[in-house]
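# Architecture at a glance
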Amino acid sequence: MNANDFPERVTLEEKYGPAMVITEQAEADGYFERCVRHGMLFGNSREEAERIERENLGYYAGYYDAETAERVHRLFKTEHPIFGKRTPTAEEAFAFGRKWATEGKEKPSQESL
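The sections below set out a description of the structure shown in this document.

Quick notes on the rules
Residues numbered from 1 in each chain as written. Predicted model: local features only at pLDDT ≥ 70, side-chain atom pairs only at ≥ 80, totals over all residues. Heavy atoms only, no water. Axes fitted to C-alpha atoms, helices over the stretch in contact; angles between N-to-C directions. Helix = DSSP H or I, 4+ residues; strand = E, 2+ residues; numbered from the N terminus. Parallel < 35°, antiparallel > 145°, perpendicular 65-115°, else oblique. Left-handed = near helix turned anticlockwise from the far one by under 90°. Contact = heavy atoms within 4.5 Å. Nonpolar A, V, L, I, M, F, W, Y, C, P; charged D, E, K, R; others polar. Phe/Tyr/Trp six-rings, centres within 6.5 Å; stacked < 30°, edge-to-face > 60°. Buried < 20%, exposed > 50% of the residue type's maximum accessible area, 1.4 Å probe, protein only. Lys NZ or Arg CZ within 6 Å of the ring centre and 35° of its normal.

### Digging into the packing of helix H2 (residues 25-40) against helix H3 (residues 46-61)
- Relative to each other, H2 and H3 sit at 120 degrees, their axes nearing to 8 Å. Taken together, the axes of H2 and H3 are oblique relative to one another. Two packed elements cross with a definite hand, and for H2 against H3 that hand is right-handed. Seen from H2, the contacting residues are Phe32, Glu33, Cys35, Val36, Gly39 and Met40; seen from H3, they are Arg46, Ala49, Glu50, Glu53, Arg54 and Leu57.
- Considered class by class, the residues forming the contact of H2 with H3 number 6 nonpolar, 1 polar and 5 charged.

So, in structure tokens, the structure goes:
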């Protein structure tokens, strides 16, 4: 695969949307490599690019249903940066955000959901 598979300027949907429908580990591994190499074009080390891409994939998966999010977390060895591997209900996510906003900059623990 070529690092230029993604244009330098790419939307989140263009970059992470295709990952949400991947179901096979080999395809996920190849897609992740493509994402990492794209991230390295911006001066990130491989380690940093992998960290960023896993976090972005985990976050992006949070906008999808629980089944998709769980599959993405498993295939890409990631989790949501706030909720971890847990998929909260809309009400829980809202309450968590409200608590975070009103209690300051420290992220509340996942146990507070």
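### A look at the packing of aromatic side chains
- Taken as a whole and assessed by the stated rule, the structure comprises 5 aromatic pairs.
- For the ring pair Phe6 and Tyr31, a centre distance of 5.9 Å and an interplane angle of 90 degrees mean the geometry is edge-to-face. With Phe6 in the segment before helix H1 (12-16) and Tyr31 in helix H2, this pair connects stretches of sequence that are 25 residues apart.
- Owing to a relative accessible area of 4%, Phe6 belongs among the buried residues under this scheme.
- Measuring from ring centre to ring centre gives 6.0 Å for Tyr16 and Tyr60, while their planes differ by 45 degrees; the resulting arrangement is tilted. Remark: Tyr60 occurs in helix H3 and Tyr16 occurs in helix H1; sequence separation between them is 44 residues. Side by side, Tyr16 and Tyr60 carry an identical accessibility label, which is buried.
- Ring pairs connect the aromatic residues Tyr16, Tyr60 and Tyr64, which therefore count as one cluster.
- The ring of Phe6 has Lys15 lying over it, and the distance from NZ or CZ to the ring centre is 5.7 Å.
- In this arrangement the basic side chain of Arg34 is found over the ring face of Phe6, its NZ or CZ atom lying 4.0 Å from the centre.

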